[in-house]
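Chain residues, written in single-letter form:
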Amino acid sequence: MTAQIEAENIAFSYSHDMAKAIFRNVSFSVHSGDVLCLLGPNGTGKSTLLKCLINILRVQQGRILLNGRDLSEFKLPEVARSIGYVPQGLMSAFPFRIKDIIIMGRAPHLSILASPSRADMEIAYRAMETVGLTPLADRPCNSVSGGEWQLTLIARALVQEPQILLLDEPTSHLDLGNQVKILQVIQDLADRGMTIIMASHTPDHAFLVSNIVAIMNNGGIAQKGAPEDVITDDNLRKTYGVDVRVVRLEDGSLSKACFPALKKPAR
Amino acid sequence: MKSAPPQIADKTSPGKAAKLQITLIVLLVGVSIFSLMSGPMDIRPGTVVRILTSRLLPMQPDWPATLESVIMDVRLPRLLAGLLIGAGLSISGAAFQGLFRNPLVSPHILGVSAGAGFGAALAILFFGNIFMVQLLSFCFGLIAVWMTYALSRIYRSTPVLMLVLAGIIVGALFSAATSLLKYIADPVNQMPSIVFWLLGSLNNASNKDIAVVGPIMLAGTASLYLIRWRINLLTMGEEDARSLGVDTARIRGVIIVSATFISAAAVCISGIIGWVGLVIPHIGRLLVGADNKHLLPVATLIGAIYLVSVDTIARTAMETEIPIGILTAIVGAPVFAYLLRKNRPGW
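Predicted model, so just to flag it, every value in this text is computed and none were measured.

A. Here's a closer look at the overall build of chain A. When helices and strands are tallied, chain A shows 9 helices and 12 strands. For a compact globule of 267 residues, the expected C-alpha radius of gyration is about 18 Å, and chain A comes in at 19 Å, within 12% of that figure. If one aligns the C-alpha atoms of chain A with their principal axes, the spans along those axes are about 65 × 40 × 40 Å. Scored against the burial criterion, the 267 residues of chain A give a buried share of 44%. Within chain A, contacts between residues separated by at least 24 positions form 64% of all contacts whose residues are at least 6 apart in sequence.

Below is the structure:
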């Protein structure tokens, strides 16, 4: 089975100097229905990697294959029809209604002169139903909560009708209830066959939804594999530089969770 | 919060926008006819309509030839200039506000009016005829925006931010150059001409002018109208629009070229009319919301209605004509302040 998206030794640098590369020699492959969780400290290039995967940043070395074809041969709308992207920290300068935002996801399917049709609006309403936003369709987008805004952006990505969804820290700045709501949506989408790559700062979330974890650190992928194998006391200490214990819950659910340990004050 | 079922919400929203557009078109026709009636010589509405239709249908004239000349050669070109300029500046303003992701932007932000003002002052100083004033103001309007664009390309950073900064630089340069020309101009004849030209007036609009700049302005307005939904995508930012497959450089190019030609053409026949391109899009947003799909046509219509109304006041309120650039601000500012207070929009 060929991988749906595959990176072969890719490297990216914001300057021409490859010595200052954000990451290099990064390779991984993701198959249909996989959920890949990218972990790693701030500034290790998780967001940059996601932007390379949708071609808005171009890798300088190596290549990315989308369904077996070199990504650099794709035009932007082609990529956007295959890969939906949920950015981090996006704000709207104008008070668009929620449905105006979500319908923007139809852009890669429409010609430059076209406006969305009734059929496009129906696709948008279906996406709103999927994430549970229908009652907010007519609300101005600057009056919704952080969790609702994140769901709006996920719905917008679904309206692109992609096979792959990239999410950049989808649970950041959200309360526990909204974090779980977003994770539930991600899991439901994965169950329906959507391939998902998400950047996260919470190893617990990797245990909850992902089947592959990659830890980015020091300009590359330090560890890669099943969450069970990768998220260990040792690896987390190496990655984040703090003491963390990974504990299995004793309620028979086989769930695991991470507990950071603070240094005891010296008496 | 109460919400209508999707099917109903879907039908009512475009229906409401369409109803508003029809209302505005009716209002526009009414204001236009009123404008043709008003002036030193009052003409009855029936006569106005009959004179206009006599150009399309064979009709026996039962009105004096002077009336026909007043309507066709004096008031009609001025009305058309008002319609085109009001519509053009408003749609450019709305498109620029989307492009620059900022509701405080006007069509003049890239320096078009500063350049055009310089061109006009130069022509008044060295040629002193209206044709050269129009030609040079149009050309320098385009040159200023081209300079802004070229300057913004020097740095490899956020293109939109660099455009704004380059526009400020080029605008300042041309304003200073215009001041210099005013300073060296003959204070009896040339300097007042420059000052009056800069204040703006539709007084000089002739049928010939409309025949030349009309097509330019209509073409610019039509291109902005056609890409209006894509402007929504640009408002989310360069990177986000590209992630949705939008060719941002192309859309940006269409907006800048269209708005620049519209503004340069407007300025060359009317002088500098500020305020319209900044405020009319806001009034449109209060009526139909932020979606540019509905906003652009509505702002275009309101802009036309507004400028024709203000110009009618400018030429009838007092014995001598009030410069329209002054009046657009005096009428517009309190109305805008009131609307903001009343509606508390969410931006």
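B. Representation of the overall build of chain B. Assigned secondary structure in chain B consists of 14 helices and 0 strands. If you list the helices and strands of chain B from N to C, you get α-α-α-α-α-α-α-α-α-α-α-α-α-α. Taking 2.2 N^0.38 as the reference for a compact globule, 347 residues should give roughly 20 Å; the C-alpha atoms of chain B span a radius of gyration of 21 Å, in line with that estimate. In terms of overall dimensions, chain B has a C-alpha envelope of 65 × 55 × 40 Å along the principal axes. Of the contacts formed within chain B by residues at least 6 apart in sequence, a portion of 75% connects residues at least 24 apart.

C. Structural detail: the sheet that holds strand S5 (residues 69-70) of chain A. Residues and elements named next belong to chain A. Overall, antiparallel pairing links the 4 strands, which are arranged S2-S1-S4-S5 in an open sheet. With one partner strand each, in any of the chains shown, strand S2 (23-30) and S5 form the two edges of the open sheet. For strand S1 (residues 5-12) and S2, the ladder comprises 5 bridges, and the chain directions are antiparallel. Across the sheet, residue Ile 10 finds its bridge partner in S2, namely Val 26.

D. Expanded view of helix H8 (residues 207-226) of chain B. Residues and elements named next belong to chain B. With 20 residues, H8 ought to run about 28 Å at 1.5 Å a step, and its terminal C-alpha atoms sit 28 Å apart, in line with that. Along H8, the largest kink reaches about 35° and is centred on Val 213; proline Pro 215 follows within four residues of it. Regarding H8, the residues found buried are Asp 209, Ile 210, Val 213, Met 217, Gly 220, Thr 221, Ser 223 and Leu 224. As for H8, its buried residues are in contact with helix H3 (65-99), helix H9 (228-234), helix H11 (248-270) and helix H13 (292-316).

E. How the structure looks around the packing of helix H4 (residues 112-126) of chain B against H11 of chain B. All names here are of chain B. As a packed pair, H4 and H11 sit with axes 10 Å apart at the nearest point and diverge in direction by 35°. In this structure, the crossing between H4 and H11 has a hand that is right-handed. Judged by residue contacts, Val 112, Ser 113 and Ala 116 of H4 engage Thr 260, Ser 263, Ala 264, Val 267 and Cys 268 from H11. A class-by-class count of the residues in the contact of H4 with H11 yields 5 nonpolar, 3 polar and no charged.

F. Looking closely at the packing of helix H12 (residues 276-288) of chain B against H13 of chain B. Residues and elements named next belong to chain B. It is at 8 Å that the axes of H12 and H13 come closest, and there the two elements cross at 125°. On the basis of the axis angle, H12 is oblique to H13. Regarding H12 and H13, the two cross each other, and that crossing is right-handed. Across from Val 276, Ile 280, Pro 281, Ile 283, Gly 284, Arg 285, Leu 287 and Val 288 in H12, the residues of H13 making contact are His 294, Leu 295, Val 298, Ala 299, Ile 302, Gly 303, Tyr 306 and Leu 307.

G. Structural view of the interface of chain B and chain A. Chain B puts 30 residues into the contact, and the matching count from chain A is 34 residues. Put simply, the parts of the chain that give the side of chain B that touches chain A at least two residues each are helix H1 (6-37), H9 and helix H10 (238-243) of chain B. Looking at the side of chain B that touches chain A residue by residue, the class counts come to 13 nonpolar, 8 polar and 9 charged.

H. Inspection of the sheet that holds strand S9 (residues 212-217) of chain A at higher detail. Residue and element names in this part refer to chain A. Taken together, 6 strands build an open sheet; the order of strands is S6-S7-S8-S3-S9-S10 and the sheet is mixed. Whereas interior strands pair on both sides, the edge strands pair on one side only; in this sheet they are strand S6 (83-86) and strand S10 (220-225). Taken over all neighbouring pairs, the strand axes of this sheet differ in orientation by 15° on average, direction set aside. With 4 bridges connecting them, strand S3 (residues 35-39) and strand S8 (residues 195-199) associate as parallel partners. The residue of S8 that forms the bridge with Val 35 is Ile 196. Each of S6 and strand S7 (164-168) touches helix H5 (residues 146-159); the most contacted strand, S6, lies at about 165° to it.

I. Looking closely at the nonpolar core. Leu 38, Ile 102, Ala 155 and Leu 166 of chain A are the most contacted members of the largest nonpolar core, which has 176 residues in total. Of the residues forming this core, the biggest block, 15 residues, is contributed by H3 of chain B. Residues within four places of Ile 102 of chain A in sequence aside, it is in contact with Ala 124, Ala 127, Met 128, Thr 152, Ala 155, Arg 156 and Val 159 of chain A.

J. Structural view of the environment of Pro 41 of chain A. Residues and elements named next belong to chain A. Relative to the helices and strands, Pro 41 is located in the loop between S3 and helix H1 (46-53). A C-alpha to C-alpha distance of 7.6 Å links Pro 41 and Met 216, two positions 175 residues apart in sequence. Residues contacting Pro 41, with those up to four places away along its chain left out, are Asn 217, Thr 239 and Tyr 240.

K. Structural detail: the environment of Glu 319 of chain B. Residues and elements named next belong to chain B. In this fold, Glu 319 is placed in the loop between H13 and helix H14 (324-343). We classify Glu 319 as exposed; it has 5 C-beta atoms within 10 Å. A sequence separation of 279 residues divides Glu 319 from Pro 40, and the C-alpha atoms of the two residues are 9.2 Å apart.

L. Focus on the environment of Val 170 of chain B. Residues and elements named next belong to chain B. Turning to its location among the elements, Val 170 is positioned in helix H6 (residues 159-184). As a C-alpha pair, Val 170 and Leu 327 span 157 residues in sequence and 27 Å in three-dimensional space. Ignoring any residue separated from it by four or fewer positions in sequence, one finds Val 170 in contact with Gly 111, Ala 144, Met 147, Thr 148 and Leu 151.

M. A look at helix H6 (residues 176-191) of chain A. Residues and elements named next belong to chain A. When the terminal C-alpha atoms of H6 are compared, their 22 Å separation across 16 residues agrees well with the 22 Å that a helix rising 1.5 Å per residue should span. Those residues of H6 not exposed but buried are Gln 179, Ile 182, Val 185, Ile 186 and Leu 189. Down the axis of H6, the buried set is contained in an arc of 125°. They therefore lie on one face. Projecting away from the buried face of H6 at angles above 90 degrees are the exposed residues Leu 176, Gly 177, Asp 188 and Asp 191. Immediately beyond the C-terminal end of H6, within one or two residues, lies Gly 193, with a positive phi of roughly 100°.

N. Region of interest: the pairing of strand S11 (residues 244-248) of chain A. All names here are of chain A. Little of S11 is tucked away, with 0 of its 5 residues classed as buried. Here S11 runs beside strand S12 (residues 256-260); their pairing, made up of 5 bridges, is antiparallel. Looking at S12, one finds that Val 246 is bridged to Cys 258.

Rules and cut-offs
- Counting starts from 1 at the beginning of each chain's written sequence and moves along it residue by residue.
- Here the convention is simple: chains get letters from A, ligands get numbers from 1, in the order in which they are written.
- Note on the predicted model: pLDDT of at least 70 is required for a residue's local features to be given, and 80 or more for side-chain atom pairs to be given and counted; whole-chain, interface and lining totals, by contrast, use all residues.
- Segments assigned H or I by DSSP are reported as helices when at least four residues long, segments assigned E as strands when at least two residues long, and all are numbered from the N terminus.
- For the radius of gyration, the atom set is restricted to C-alpha positions; the globular benchmark scales as 2.2 Å times the number of residues to the power 0.38.
- Residue burial here comes from a neighbour count, namely the number of other C-beta atoms, placed from the backbone, that lie within 10 Å of the residue's own C-beta, with 20 or more meaning buried, 12 or fewer meaning exposed, and in between meaning partly exposed.
- C-beta atoms are first placed from the backbone for all residues, and any pair lying within 7 Å is then listed as a contact.
- Paired strands are those between which DSSP finds at least two bridges.
- The span one expects for a helix is its residue count, reduced by one, times 1.5 Å.
- At any given residue, the bend is defined as the angle formed between two axes, one fitted to the seven residues that end at that position and one fitted to the seven that begin there.
- Helix axes are fitted to C-alpha atoms over the stretch in contact, other axes to C-alpha atoms as well, and angles between N-to-C directions run from 0 to 180 degrees.
- What makes a crossing left-handed is the near helix being turned counterclockwise from the far one by less than a right angle; a clockwise turn instead makes it right-handed.
- Charged means Asp, Glu, Lys or Arg here, nonpolar means Ala, Val, Leu, Ile, Met, Phe, Trp, Tyr, Cys or Pro, and polar covers whatever is left, Gly included.
- Working rule for angles: under 35 degrees goes down as roughly parallel, over 145 as roughly antiparallel, 65 to 115 as roughly perpendicular, anything else as oblique.
- Buried Ala, Val, Leu, Ile, Met, Phe, Trp, Tyr and Cys residues form a nonpolar core when they are connected through C-beta atoms within 7 Å.
- This arc is built from the directions going out from the helix axis to the C-beta atoms.

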